[in-house]
Structures are given as structure tokens and as C-alpha cells.
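Fold and contact review
Each chain is listed here by its residues.
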Amino acid sequence: MRNRIAGRLDRIPPSGIRKFFDLVSSMGGVISLGVGEPDFPTPWHITEAAIHSLEQGYTMYTSNSGMIELRREIASYLKTTYDLDYDPNTELLITNGVSEGLDLAVRAILDPGDEVIMPDPAYVSYPSCVLFADGVPVRVPTSCDNQFKLAAADVEARITSRTKAILIGYPANPTGAVMEIGDLADIADVARHHNLMVISDEIYNLLVYDTEPVCFASLPGVKDRTILLAGFSKAYAMTGWRIGYAAASADLIAAMTKIHQYTALCAPIMGQVAAIEAIKAGEPEARRMTQEYDRRRRVMVKGLNDIGLTCFEPKGAFYAFPSITSTGMSSEEFAETLLTEEKVAVVPGTAFGQCGEGHVRCCYATSLSNIEEALTRMARFVKKYRRS
Amino acid sequence: MRQIFDILANDARVTPEQVAAMTGLSEAEVRSTIEEAEKDRTIVKYKTIINWEKLGNEPVMALIEIRLQPQRDVGFDAAAARIYRYPQVRFAYLVSGTYDLAVLVEGKSLHEVGAFVSEKLAPLEGVQGTATHFLLKRYKEDGEVLEGGEEDKRLPLTM
Ligand SMILES: Cc1ncc(COP(=O)(O)O)c(C=O)c1O
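Because the structure is predicted, anything quoted here is derived from the model rather than measured.

Calculation criteria
Residues numbered from 1 in each chain as written. Chains lettered and ligands numbered in written order. Predicted model: local features only at pLDDT ≥ 70, side-chain atom pairs only at ≥ 80, totals over all residues. Heavy atoms only, no water. Helix = DSSP H or I, 4+ residues; strand = E, 2+ residues; numbered from the N terminus. Rg over C-alpha atoms; globule rule 2.2 N^0.38 Å. Buried < 20%, exposed > 50% of the residue type's maximum accessible area, 1.4 Å probe, protein only. Contact = heavy atoms within 4.5 Å. Areas by Shrake-Rupley, 256 points an atom, 1.4 Å probe, with all protein chains shown as cover. Pairing = 2+ DSSP bridges. Near = heavy atom within 4 Å. Polar contact = N/O pair within 3.5 Å; in protein donor to acceptor, adjacent residues only side chain to side chain. Nonpolar A, V, L, I, M, F, W, Y, C, P; charged D, E, K, R; others polar. Domains from an automatic or database assignment. Buried area = accessible area lost by both parts, 1.4 Å probe. Salt bridge = Lys/Arg side-chain N within 4 Å of Asp/Glu carboxyl O. Axes fitted to C-alpha atoms, helices over the stretch in contact; angles between N-to-C directions.

Scanning chain A for helices and strands turns up 12 helices and 12 strands. Its C-alpha atoms give chain A a radius of gyration of 21 Å, near enough to 21 Å, the size a compact globule of 388 residues would have. Its C-alpha atoms put chain A at 60 × 55 × 55 Å along the principal axes. The buried share among the 388 residues of chain A stands at 58%. A separation of at least 24 residues holds for 76% of the contacts in chain A among residues at least 6 apart in sequence. If you sum the accessible surface of chain A, you get close to 15900 Å²; carbon and sulfur atoms cover 51% of it.

Attention shifts here to the pairing of strand S8 (residues 244-247) of chain A. Along any regular strand, the residues point their side chains to alternate faces of the sheet. Residues and elements named next belong to chain A. Neither face of S8 is exposed, since Gly-244 and Ala-246 on one face and Tyr-245 and Ala-247 on the opposite face are all buried. Two elements, strand S2 (residues 92-95) and S8, share four bridges in a ladder whose sense is antiparallel. Counted as the bridge partner of Leu-93 is Ala-246 from S8. Here strand S7 (residues 226-231) pairs with S8 via four bridges, running antiparallel. What sits directly across from Leu-229, in S8, is Ala-246.

Attention now moves to the site of the ligand. If you check the shell around the ligand, you find 13 residues, and the closest are Val-98, Ser-99, Asp-201, Ser-233 and Lys-234 of chain A. Flanking the ligand are residues from chains A and B. In the model, an oxygen atom of the ligand is placed 2.7 Å from a nitrogen or oxygen of the Ser-233 of chain A side chain. Bound to the protein, the ligand loses 95% of the 400 Å² it would expose on its own. Of the residues forming the shell around the ligand, the biggest block, three residues, is contributed by helix H4 (residues 97-109) of chain A. For the shell around the ligand, the per-class residue count stands at six nonpolar, four polar and three charged.

Turning next to the domain arrangement of chain A. Residues and elements named next belong to chain A. Each assigned domain of chain A is listed with its residue range as follows: domain 1 (7-42 + 284-382) and domain 2 (58-281). Each of domain 1 and domain 2 was reduced to a C-alpha centroid, and the two centroids are 25 Å apart. Contacts between the two partners involve 37 residues from domain 1 and, on the opposite side, 39 residues from domain 2. Note on domain 1 versus domain 2: buried area summed over both sides is about 3000 Å², and carbon and sulfur give 63% of it. By the criterion of area lost to domain 2, the three top residues of domain 1 are Phe-312, Lys-315 and Phe-352, representing 22% of everything that side buries. The interface formed by domain 1 and domain 2 includes three salt bridges. A salt bridge links Asp-210 to Arg-297; the shortest N-O distance between them is 3.7 Å. Linking domain 1 to domain 2 there are 17 residue pairs in polar contact (both at pLDDT 80 or more).

It is worth spelling out the interface of chain A and chain B at this point. With 32 residues of chain A in contact, the opposing surface of chain B contributes 14 residues. Of the roughly 1900 Å² buried between chain A and chain B on both sides combined, carbon and sulfur atoms contribute 60%. If you look at where chain A meets chain B, you find zero salt bridges. The interface formed by chain A and chain B includes 11 residue pairs in polar contact (both at pLDDT 80 or more). Looking at the side of chain A that touches chain B, the elements with two or more residues in it are helix H1 (18-26), helix H10 (283-306) and helix H12 (368-385) of chain A.

In this section: the sheet that holds strand S1 (residues 60-68) of chain B. All names here are of chain B. Strand order in this open sheet of four strands is S2-S3-S1-S4, and the pairing throughout is antiparallel. The open sheet is flanked by strand S2 (89-94) and strand S4 (127-134), the only strands paired with a single partner. Direction aside, the axes of adjacent strands within the sheet are offset by 20 degrees on average. Across five bridges, S2 lies against strand S3 (residues 101-107) in antiparallel orientation. Bridge pairing links Tyr-93 to Ala-102 in S3. Sitting on the sheet, helix H4 (residues 77-84) touches S1, S2, S3 and S4, and the angle it makes with S1 is about 160 degrees.

Given below as C-alpha cells:
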């Protein structure tokens, strides 16, 4: 037999955290700032709605596109929040999380060799999904000097005849960066000018602090070329329910649905029922959680800066992305040594791209007492290794 | 400002320094707001929620519905005051509906609570009737579920 595993997979590097995962799992007493999900359970009214539907016997497939009631609720949410019109019948697709939406989006638009421009660092799935679709990820370096924003000029400089799309995700994992409306408008200009598509992952859009969420598709003249991806995982603490959605013009949604119907069939019905409850009545709880994250964010960012790990102010998601260069260590070295010596788990910035070097991702979706204890341990650690 | 109280209502042990870090207000501002609130009894007291069952000497509690005769000029307030001044009365609320005052009475034994109700509360002037409901189990106290605890069920590292 030839190789059992397809050669395509060789092009995808193994996930940067696997090693840490095994290490963390084998240790006791670890405070983890390494998670990527809320620490709150799903608000009870949402869970209860799903339990009720299960009791009623709603345990079957839904239409490929997802329950029409959910699509209608999403359409009306996008209308009232961003004044965006999407037809729930043809321009919305319910997906198995934004994860599936992302995969469908790139598979729907990429031919082999097509290039997708994306920031570095960025969410781990972006380059991998593009590679799985036989596309080519083109990374644009970003840095804390520019609050990890994606500069339009840097995007433009990387456009070639093979460039098909720009892939953005703000508020960002791992940096917590947000792009203000003006920053996004510059990206929109580039997309229009060079006739590029834009995939905008807005899964953290409701998790912003001291600033208003912006939906890329609502910027002038880009709705038709934009695939908006969003979901319920983060803002409603629903990671395990696996519900996301894609909103785009009918031809794109039709193409994505074509793949989705054969590879996923539909998103889970209980998750869709829960999502209907979330979007209809979940706002107060979502707001309460966001306020709680905001308090922890302030404590985390101030704490990191105080102990000598310089950290720009993240205005979204639930991550801080401090610089660890004062220790003279690489990101991996820092994360590994911190874990073994002080039992605090963080994710090395390099897991998200080369430009994450010199940084680690610290998630503040954990209790204040955990954050404070982690900061105490990290302070001791930094003091021991500090170079400058 | 409101935030300071939200935070303290949830955890009285948070220090002014921590409140300042959480809200972005200055520590001095937080301190003076708290001092002021303590003085004018906006902050009434700092207390702890204890699961007495774990200590094996849970106090006996009873929820008592009381029907009161309202009085000219003072309504229910005077009669209520004669009731809530007893230290055995831990909570007292004027409520709408089929009765007027809901009080939570605490004692060491069924007998003690029963005697308090029949000897002290029921005979009071203005009390028209009482209904006593002994508490059998405490599930949730001040927003906190007592049993089980909420351990972190998440994987320690995710993307
Ligand atoms: C930026 C970003 N996009 C997408 C996802 C995946 O979310 P979902 O649970 O909707 O698949 C995550 C999860 O961590 C994320 O951080």
C-alpha cells in the first residue's frame, strides 16, 4: 500500500498546543489561562428550552439550511442590529459552529492554488482550513505596535493575480484586538478595489468593551462580496451546542449548502432550538457575562503590565496577549517553563502564527480568584527570569 | 458607581484596590464611595453564606405568613416593626396577595420556633392570623446553589 494518510495532510502542521495539552492534563493544581471558551454554563433558560424540546421528541434532522425559525430570528437580529437585509430562505445557512462555516466558506470559493490573505497571528483554523481546500494562506504580519490590527496597505501589498479572498476575524483570537469602523472601511476599500471576497469571522462580535461592535458586511458596498460567519458559542456560552451561521448572497449560500448537505446534513436540532431561545431572550444574560469579562479583563491587563509583561489593551473577545520578551524566552519556552515551575497554563503565541512569537495568550474567562492567583505565580516567575 | 455595589454584593471581600482594577475607577474614589455608603447604611453589613448542613447543626427555619390589621396613618409599618424587632426574625417583607407580611424565623428546634410563633407572634395586637411553613431543605441561598459546587468542566487547553 502507498501511504495510508493523504499527502495533503502533510502540509498542515500539527496543532501547537497538543504537547501542552498532554502536559497540563497530567498535572494537578494547574490554573489554566489556556482555554478558549466561556467559564459560565449556558444560561439556564436556553438549556431548559432545549430539554423541553427533547422531551417533546424533537430529536430528528432539520432542513439542510437549518430551522427556518432560527434563520428568521437571525435575519431579524441582523436587520435590527446592523440594518442588514438577508433573506432567511436563501441567504442564511445554519452550520455546526463557525468552525464548519469557515470550512464551507473556503471550500465554496477556492480553486486549487487560490490565495487567501489573513493576519498573523490569527485563529488556528484559518490557515488550516484554507490548506484543506487546496488554497494558499498568505499571512500579513501584525504586531502590538499597531494593536494587532490588520493594515489595509499591508494587505494590498500581498495581493497577486491568485488572490481570491481576505479572511478576517475581529474581535480576534488570540490577541483580543478589534478593528474600529475606520480600520475595517480601509479593508473594505481594498476588497472592492481589487474585486476580492471577504470572509469575516464575527464569532466574538458581541464581546466588545468600551466600543461598539461593527459588522463588516454593513460597510458600504461590500455586503455582496462578504461571507459573514457568526455563532452562539462565545456570547451565549454555548460552545458545546455547535451552532453557527453563515450570511451571504444567495449564490454563495447555495454553494456552501451544497457541501454542507453532503458532509454535515444539518446542524444538531437541540442546538438549533437552544439557539432560537438564545437569540430571542438571551441578551440580558449575555450582557451580564460580558460585563463580568470586562471586569476580569481590566484586572488581567493591569496585572500583566504591573508584573512586567507588557500588554496592549484588548477591546474584545476574552484574551490578553502580553509580550513576554522581558524574560528573554521564546513563547514556547515561556509557556512550558511557566507550566512546569508555576503550574499556570498559557498558550504560546506561535500556535497562532510566527508573528505570535514573543507573546502568550492568556484567557480571562475564568474566576477572578484564579486570575489573581495566576498573576501572583506569573509575577514570581517573571521576577526570576527577567532580563531587562 | 453602581458597579462598585454590584461587585461588593457578590463578594464582600473584594478590596477597594481590586474594585478599582475591575472598574477602572480610582482607588480613592472607590474607597470614599464605600465609606460614604457604610455611613449612610446603603451598605448595611458584610456577611457570609454558610451551608450549615455541612456543620451538622443547621438552625430550624420557618417561613411564616402573617395577616395584619392595617392601622390608621401608619398602615402596616407599626405592626411590622413590633414583629421584625425580635431577633428570631431573620427576614421580614411586606408582600402583596393573600397575606401581608412574610417573615423567616430562626430557632434551635421545632419546639423553639413553634413556641415563638404561638406565644410571641400570634398574640400580637394587629396580627389576624399566621401560617407556619417549616423549611425542609435549602437549595439556593442568595443566588448560590448550595449543593454540588460548580467545578470547571472545560478541557484545560483549547484553541
Ligand atoms: C476566532 C474563532 N472562530 C471560530 C471559532 C470556532 O467556534 P465554533 O464553536 O462556533 O465552531 C473559535 C473558537 O475558539 C474562534 O476563536
